[in-house]
Amino acid sequence: MADRATPRPCPPWGLTRYVAAATLARAADGGGVIAIVLVVTTSGAPSWLAGLLGASITAPHLLGPFIARRLDTAGDGRNIIALACLIHGATLAAAVLLYPIVWPALTALLLFTSGLFGPFLTGGISSRLPAIAGPEQHAQRRAQGWDVATYGLGGTIGPTIVAIVSVWASPTIAALVLAGGTFAAAILVRFLPYTSPLSAAADVPRPLRTLRIILTSGPLRRTLYLTTSVAASVAVLPIVAVSSTASLGEAAGTGAALTAAYGVGSLLGSVGVMARPLRGSADNLITYFAFTVAATLIVVLLVPNLAAALPAYAAAGIANSYLFAATLAARSEYSPAEARGQIFVWVGALKITAGSAGTAMAGALVGAAVYLPTILAAIVTVTAASVSVFDRHISPGGKD
């Protein structure tokens, strides 16, 4: 078993291919919903159907962990991730091509299948990074900065592709371009450095057992609830950005500039982690950056004009990127080898679900008071960070 636990040295081009594969995959994951909504709305169908089909590709992310065990039991995890990329892209392509000629229920089923494999494109790919970066902590944390950047790039490139191609051709073609990106990602994943399994298949826990491991491990438990709390909190910012322009004395279109400032901040944060990798306990760093995110949310509440709002939103993006890098470090460093892939997928899937809940909450509350969602988000984040401080001091084995 000892030889299984020792990762092979990986060639330097491994990280380059990783970044390319992860960016392509996450562009498809980030732009898929927008493409589906545009395909439906431009066909003249009602908005409720667009929302339903859009949810059909996002909601299944929560079920991803129940099929993620193969990441830890497979002799070559690259095959599992590559297959997931192919299925995600093929079902997305089939859904948009068949939408005009089949019942919406069949389209929803295809999108459900595509979304089911979405977590493999996010947390699943991230689970390969520790072996690619090598065993040294400094190198791993620098690589995690690159990983954070792929999420930011994917979340920017995906919607941009949809917007440009939809105008130039059609939303259907835009969705097919995204699907093509997942096929390219599958090829690149197969050319990532091979790493042997870290444990025997018989030692790999079942999905619910893996969740229990997360909940009973102090550092992993804190990683989970701080990740989901912050994800729900920062998800309110795009809604608030659009709705708060009047109070800032600006036109409605200014909301896009605020959202862009948040995105730029996210990319700057990832660059910061690459330039100066995080040091110290990942468990402690997550709590610290959660408080930092809460502070930036409070600043967003207090800004009086656009000139102050732009850097405030950028600061929120920077803080969230640093927190995200810390959560990647925590998942890498505290996960048992036999469940690492599943833990990456569990946390990633629940993070996406929490983000969707935060967006829905903001949409429901912003009409009552523009900044109410941000106030609640700051409270949630401060509470979760405070609980983690208490948790670390009372839970057995909770300190590093």
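Look above for the structure.
Residues numbered from 1 in each chain as written. Predicted model: local features only at pLDDT ≥ 70, side-chain atom pairs only at ≥ 80, totals over all residues. Heavy atoms only, no water.

1. What about the nonpolar core?
Okay, so step 1: Judged by nonpolar contacts, the single largest core of 44 residues is most densely connected at L237, L258, L278, F289 and Y313.
Okay, so step 2: At 14 residues, the largest contribution of residues to this core is made by helix α15 (residues 306-334).
Okay, so step 3: Beyond its immediate chain neighbours, meaning those up to four positions away, L258 contacts A241, S244, L248, L306, A309, L310 and Y313.
Okay, so step 4: Among the nonpolar cores identified, the runner-up in size contains 26 residues, and V19, A25, A82 and L116 belong to it. (Core = buried A, V, L, I, M, F, W, Y, C linked by side-chain atoms within 4.5 Å. Buried < 20%, exposed > 50% of the residue type's maximum accessible area, 1.4 Å probe, protein only. Helix = DSSP H or I, 4+ residues; strand = E, 2+ residues; numbered from the N terminus. Contact = heavy atoms within 4.5 Å.)

2. Brief notes about the packing of aromatic side chains
The description of two aromatic rings rests on the distance between their centres and on the angle between their planes.
Okay, so step 1: Within this structure, the stated rule accounts for five aromatic pairs.
Okay, so step 2: Geometrically, the ring pair formed by Y151 and F324 is edge-to-face, given 4.7 Å between the ring centres and 75° between the ring planes. One end of the pair, Y151, is in helix α8 (residues 137-168); the other, F324, is in helix α15, and 173 residues separate them in sequence.
Okay, so step 3: Taken together, a centroid distance of 5.1 Å and an interplanar angle of 70° make the contact between Y288 and F289 edge-to-face.
Okay, so step 4: Its guanidinium or amino end placed over the ring of Y151, R26 lies 3.8 Å from that ring's centre, counting from NZ or CZ.
Okay, so step 5: The ring of F324 has K351 sitting right over it, with the charged end atom 3.6 Å from the ring centre. (Phe/Tyr/Trp six-rings, centres within 6.5 Å; stacked < 30°, edge-to-face > 60°. Lys NZ or Arg CZ within 6 Å of the ring centre and 35° of its normal.)

3. Looking at the pattern of salt bridges
Okay, so step 1: Taken as a whole and judged by the stated rule, the model has eight salt bridges.
Okay, so step 2: A salt bridge links D147 to R26; the nearest nitrogen and oxygen atoms lie 2.7 Å apart. Separated by 121 residues along the polypeptide, D147 in helix α8 and R26 in helix α1 (residues 13-42) bring together distant segments of the chain. Residues D147 and R26 agree in their burial class; the two are buried.
Okay, so step 3: Between R141 and E333 there is a salt bridge whose closest N-O contact spans 3.0 Å. Highlighted residues: R141 in helix α8 and E333 in helix α15, separated in sequence by 192 residues.
Okay, so step 4: Assessed through its relative accessible area of 2%, R141 is described here as buried.
Okay, so step 5: Shared partners join several salt bridges into a network, and the residues in it are R221, R222, D283, D391 and R392. (Salt bridge = Lys/Arg side-chain N within 4 Å of Asp/Glu carboxyl O.)

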